[in-house]
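Chain by chain, the residues:
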Amino acid sequence: QVQLVESGGGLVQAGGSLRLSCAASGSIFRINSMAWYRQTPEKQRVFVATITADGRTNYADSVKGRFAISRDNAKKTVYLQINSLKPEDTAVYYCNADVSRREYSDLSFPYWGQGTQVTVSS
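These figures come from a predicted structure and were not determined experimentally.

### Description of the environment of V63
Topologically, V63 is positioned in the loop between β6 (57-59) and β7 (67-72). For V63, a relative accessible area of 1% corresponds to the buried category. For the pair formed by V63 and G26, sequence separation is 37 residues and the distance between their alpha carbons is 31 Å. Apart from residues no more than four positions distant in its own chain, V63 is found in contact with R38 and V48.

### Section: the sheet that holds β7
The strand order across the open sheet formed by four strands is β1-β3-β8-β7, and the pairing between neighbours is antiparallel. Edge positions in the open sheet fall to β1 (2-7) and β7, since each of these has one partner strand only. Pairs of neighbouring strands in the sheet enclose a mean axial angle of 15°, with direction left out of account. Where β1 meets strand β3 (residues 18-26), six bridges bridge the pair, whose relative direction is antiparallel. Directly across from S7, in β3, lies its bridge partner S21.

### Quick word on the state of the cysteines
All chains considered together, the criterion is met by one disulfide. Disulfide partner of C22: C95, at an S-S distance of 2.1 Å. Every disulfide takes its handedness from the sign of the S-S torsion; for C22 and C95 that torsion is -85°, giving left-handed. Here C22, found in strand β3, pairs with C95, found in strand β9 (residues 91-101); they are 73 residues apart in sequence, far enough to count as distant.

### Section: the pattern of salt bridges
Inspection of the entire model under this criterion finds four salt bridges. For the salt bridge of R66 with D89, the shortest nitrogen-to-oxygen distance reads 2.7 Å. Linking R66 in the loop between β6 and β7 with D89 in the loop between β8 (77-82) and β9, this pair joins segments that are 23 residues apart in sequence. For R66, a relative accessible area of 11% corresponds to the buried category. Two residues, E103 and R101, come together in a salt bridge whose shortest N-O distance is 3.6 Å. Using a relative accessible area of 46% as the deciding quantity, one classes E103 as partly exposed. Salt bridges sharing partners connect three or more residues here, namely R38, R66 and D89.

### Digging into the nonpolar core
If you look at the biggest cluster of nonpolar residues, it comprises 31 residues, and the most contacted ones within it are W36, L80 and Y93. If you list the elements that add at least two residues to this core, you get β1, β3, β4 (28-39), β5 (46-51), β7, β8, β9 and β11 (116-121). Top contributing element to this core by residue count: β9, with five residues. Contacts of L80, omitting those with residues within four sequence positions, involve L18, R19, L20, W36, V48, A49, F67, A68, I69 and Y93.

About the criteria used
- Residues numbered from 1 in each chain as written.
- Predicted model: local features only at pLDDT ≥ 70, side-chain atom pairs only at ≥ 80, totals over all residues.
- Heavy atoms only, no water.
- Helix = DSSP H or I, 4+ residues; strand = E, 2+ residues; numbered from the N terminus.
- Buried < 20%, exposed > 50% of the residue type's maximum accessible area, 1.4 Å probe, protein only.
- Contact = heavy atoms within 4.5 Å.
- Pairing = 2+ DSSP bridges.
- Axes fitted to C-alpha atoms, helices over the stretch in contact; angles between N-to-C directions.
- Disulfide = S-S within 2.5 Å.
- Salt bridge = Lys/Arg side-chain N within 4 Å of Asp/Glu carboxyl O.
- Core = buried A, V, L, I, M, F, W, Y, C linked by side-chain atoms within 4.5 Å.

In structure tokens:
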């Protein structure tokens, strides 16, 4: 099985910063793209940022210039640096990874973490 574990969430004042981490483990043959999504109780889960295996990135318009996604392939870890936080950034942040398992190396599947809460106070 493949497991993703997030860390780094918490309570922060508006204008502050956080760094989220997500480490992948298990019977992994290859990790393709990795991404972050977020969700509030009243809204669907929405895209935040993604990064390919070779480091190409893309961001939602709402976070451009404030958030930065990166990855460490040796550690099988993706990061999300979040700066200039706003109250509307408050959400549960979910890690996603497109993974090929050792047992089925020609097939990839999206795996999800359990989420980490980010709360921004005004």
